[in-house]
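# Residue-level structural notes
What follows is each chain in one-letter form.
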Amino acid sequence: MNLTLFDQFSPPSILGVSLLLLATLFPALLLPSPNNRWISNRLSTLQSWFLLLITKQMMIPLNKNSHKWAAILTSLMVFLLLINLLGLLPYTFTPTTQLSMNMALAFPLWFATLLTGLRNQPSISLGHLLPEGTPTLLIPALIVIETISLLIRPLALGVRLTANLTAGHLLIQLISTATATLLPIMPAVSVLTAIILFLLTILEVAVAMIQAYVFVLLLSLYLQENT
Amino acid sequence: MFSRLVLRAAPAALRNLPRPVTVGVLHTNRLLHTNEQRLAPLPPLPEKGGEVRHGLIPEEFFQFLYPKTGVTGPYMLGTGLILYLLSKEIYVVNHETVAAISILAVIIYAVKRFGADVAAFADKLNEEKIAQALAVKNDAIKSLEAAIEQEKKEQWRAEGCTYLFDAKRNNVAMLLETNYRERLMTVYSEVKKRLDYQVALQTLKRQKEQDHMIEWVEKSVVQSITPQQQKESITKCISDLKVLSKSAHATV
C-alpha cells in the first residue's frame, strides 16, 4: 500500500474499530511475568535486574514520603521505553507520537506533584518560586517568571516527548523515501543516503531511550522539589 | 446489599432445580481447581530455550519439513513466499521497506555484537545468586566440620584422662614419699646431734682428767728431782758428748 508520510501517525483501525488501546497496551505483553522460581531464565533475570536498577537510581534522591511513587515512576519508565523502541520497527504505530497521549501522561502526574507540594508543605513549595540570593528589585519579575515556568512544565513534558519522537520518525521516513527514490536514478547518492539512514536509526534508538528516561527523571525532580 | 443476598442464595436455589438442570449448572461456590496443587518440588525448567534458526524460525519447523522436502525445503518455501508477496504486490515496496532494512541492520548488528555479552551477564547474575547460597551452605558445613574436629579432640582428651590421673597419682605418691624421707632424715640428724653432744661431753671430761693427771705427775716428778741427781745427769751428758765428738772426728 502506498503510504503518505503521516500515515504512521494515525492510530490503526480494523474495520472501523480503533486499535489504539491495543497498540498502547501491547508492549506490556512482551515483558515476562516474574515466576516463582528462585533462578529464572535469562530474560526474567535481566528484567528484574533492570527494574531494580531503575528503581534504585530514581528513588535515591527522593525522601521517604515520595517512595510511594516508586511503582508508577518505574512502570512509566518501562512503558515509555518499550513503546518508543517498538515504534522504530516498520509499520508500527507509536502511541507516544500523539500529543494527546503524552499530555494525558504528563499533566496529571505534574499536577499531582504540585498538589502534593502545596498540600503538605505550601510555604516551601511556593518558596521554590524565588531562587536564593536574588536582588530585591528583581523579586516581582522573577516570581512572575518562575510561575510561568512552573505552569509550562506539563506542556513542556508532553511536547518534548511528542516532538522528539515525531521528528525522529518523520526524518526516518523522509530519508528512506529519498533513498528509495534515488535508487534507480543515482545509486551512489542513494547509498550515501542509506548510510545516513543507518546512523539516524542508531540515533533514534538512543533518542527513544533517552526521551523516556528524561520524562521520568523530570517528573521525579518535580516530585523531589515538592516533598 | 440485595445483590449480595441474591448471590449468596443463588447456588442453593440452583441446586434445588430439577435434576437434569442442576447437572449442567455451574456451582459457583466451588473452586474450579479440583485436584491438589503441587507446590513443591516444582518441575525443573529446561536448561536452554527452544532451538531457533536465523533467530526467528524454530528448529522444529525444519524438522517438520525435512522428511518430505529435505534440507532446502523450508528455504525454498521462504523464498517462494517472499517472491510471491513481492510480485503480486501483496507486500508493496515503499519507503517503509528501506526504513525496515535499516532498523533490521541495526538490530542484527546489536544482537551479534552484544548478544553473547548480555547472555553472559544474565548468567553471571544467576551464578552470583547461586554462589551466595552455596557460600552460606559451605560455610555452615565448614563450621560444623570444625566443630566435629573439636569434639573428636575433646573425646581423645577425655580418653587420655586416665593416664593423666595415673601420672598425677604417682606424682603425689612421690611427693609424700619424699616428704616422709625428709622428715625421717630430720629426726635422725636431731637424734645424732643429741648423741654427739653427749659423746663430746664425755670425751672432754676424759681429756680434762688426763691432762690434769699428766700435769700432776709432771709436777711431782719435777719436784722429786734432787740437786744431786741433776749434777750426775749433767756430767753423764758431757761425757757422752765427748765420746760422740771423738767418734765424729774419726769419721770426718
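Note that the coordinates shown come from a computational prediction; the quantities given were computed from them, not determined experimentally. (Residues numbered from 1 in each chain as written. Chains lettered and ligands numbered in written order. Predicted model: local features only at pLDDT ≥ 70, side-chain atom pairs only at ≥ 80, totals over all residues. Heavy atoms only, no water.)

## A closer look at the nonpolar core
For soluble globular proteins, the rule of thumb is that nonpolar side chains tend to be buried together. Residue and element names in this part refer to chain A. With 32 residues, the main nonpolar core has Leu-73, Leu-76, Leu-80, Leu-157, Phe-215 and Leu-219 as its most contacted residues. The element that contributes the greatest number of residues to this core is helix 3 (residues 70-86), accounting for nine residues. Beyond its immediate chain neighbours, meaning those up to four positions away, Leu-73 contacts Met-58, Met-59, Val-216, Leu-219 and Ser-220. (Core = buried A, V, L, I, M, F, W, Y, C linked by side-chain atoms within 4.5 Å. Buried < 20%, exposed > 50% of the residue type's maximum accessible area, 1.4 Å probe, protein only. Helix = DSSP H or I, 4+ residues; strand = E, 2+ residues; numbered from the N terminus. Contact = heavy atoms within 4.5 Å.)

## Let's talk about the UniProt feature "transmembrane region" (unreviewed entry) in chain A
Those places that UniProt annotates as "transmembrane region" (unreviewed entry) correspond, in this numbering, to residues 12-31, 69-89, 138-158 and 195-223 of chain A. Overall, residues 138-158 of chain A shows 90% helix and 0% strand. The separation of its end C-alpha atoms is 30 Å. (UniProt positions renumbered as here; feature names shortened; annotations may be inferred.)

## Thoughts on the packing of helix 4 (residues 99-120) of chain A against helix 8 (residues 187-226) of chain A
Residue and element names in this part refer to chain A. In the contact formed by helix 4 and helix 8, the axes pass within 8 Å of each other and the chain directions differ by 15°. On the basis of their axis angle, the class for helix 4 and helix 8 is roughly parallel. As helix 4 runs across helix 8, the sense of the crossing is right-handed. Mapping the contact onto sequence places Asn-102, Leu-105, Ala-106, Leu-109, Trp-110, Thr-113, Leu-114, Thr-116 and Gly-117 in helix 4 and Phe-215, Leu-219, Tyr-222, Leu-223 and Asn-226 in helix 8. Of the residues contributing to the contact of helix 4 with helix 8, the split by class is nine nonpolar, five polar and no charged. (Axes fitted to C-alpha atoms, helices over the stretch in contact; angles between N-to-C directions. Parallel < 35°, antiparallel > 145°, perpendicular 65-115°, else oblique. Left-handed = near helix turned anticlockwise from the far one by under 90°. Nonpolar A, V, L, I, M, F, W, Y, C, P; charged D, E, K, R; others polar.)

## With respect to the packing of aromatic side chains
Between two aromatic rings, the relevant description is the distance of the centres plus the angle of the planes. Counted according to the given criterion, the structure contains eight aromatic pairs over all chains. Ring geometry for Phe107(A) versus Trp110(A): centroids 5.8 Å apart, planes at 50°, classification tilted. Taken together, the residues span about one helical turn, with Phe107(A) and Trp110(A) both in helix 4 at a distance of three residues. Given the relative accessible area of 3%, Trp110(A) is considered buried. On the accessibility criterion, Phe107(A) (40% relative accessible area) is partly exposed. Site record: aromatic cluster; members linked through ring pairs are Phe107(A), Trp110(A) and Phe111(A). Sitting over the ring of Phe62(B), Arg53(B) keeps its end group 4.0 Å from the ring centre. (Phe/Tyr/Trp six-rings, centres within 6.5 Å; stacked < 30°, edge-to-face > 60°. Lys NZ or Arg CZ within 6 Å of the ring centre and 35° of its normal.)

## Concerning the interface of chain B and chain A
Taken together, the contacts link 28 residues of chain B with 28 residues of chain A. Between chain B and chain A the total buried area reaches about 2700 Å² when both faces are included, carbon and sulfur atoms providing 68% of it. The three residues of chain B that bury the most area against chain A are His95(B), Glu96(B) and Ile103(B), which together make up 23% of that side's buried surface. Counting every contact that joins chain B to chain A gives one salt bridge. Asp123(B) is the partner of Arg42(A) in a salt bridge, and the nearest nitrogen-oxygen pair spans 2.9 Å. Partitioning the side of chain B that touches chain A into residue classes produces 20 nonpolar, five polar and three charged. (Buried area = accessible area lost by both parts, 1.4 Å probe. Salt bridge = Lys/Arg side-chain N within 4 Å of Asp/Glu carboxyl O.)

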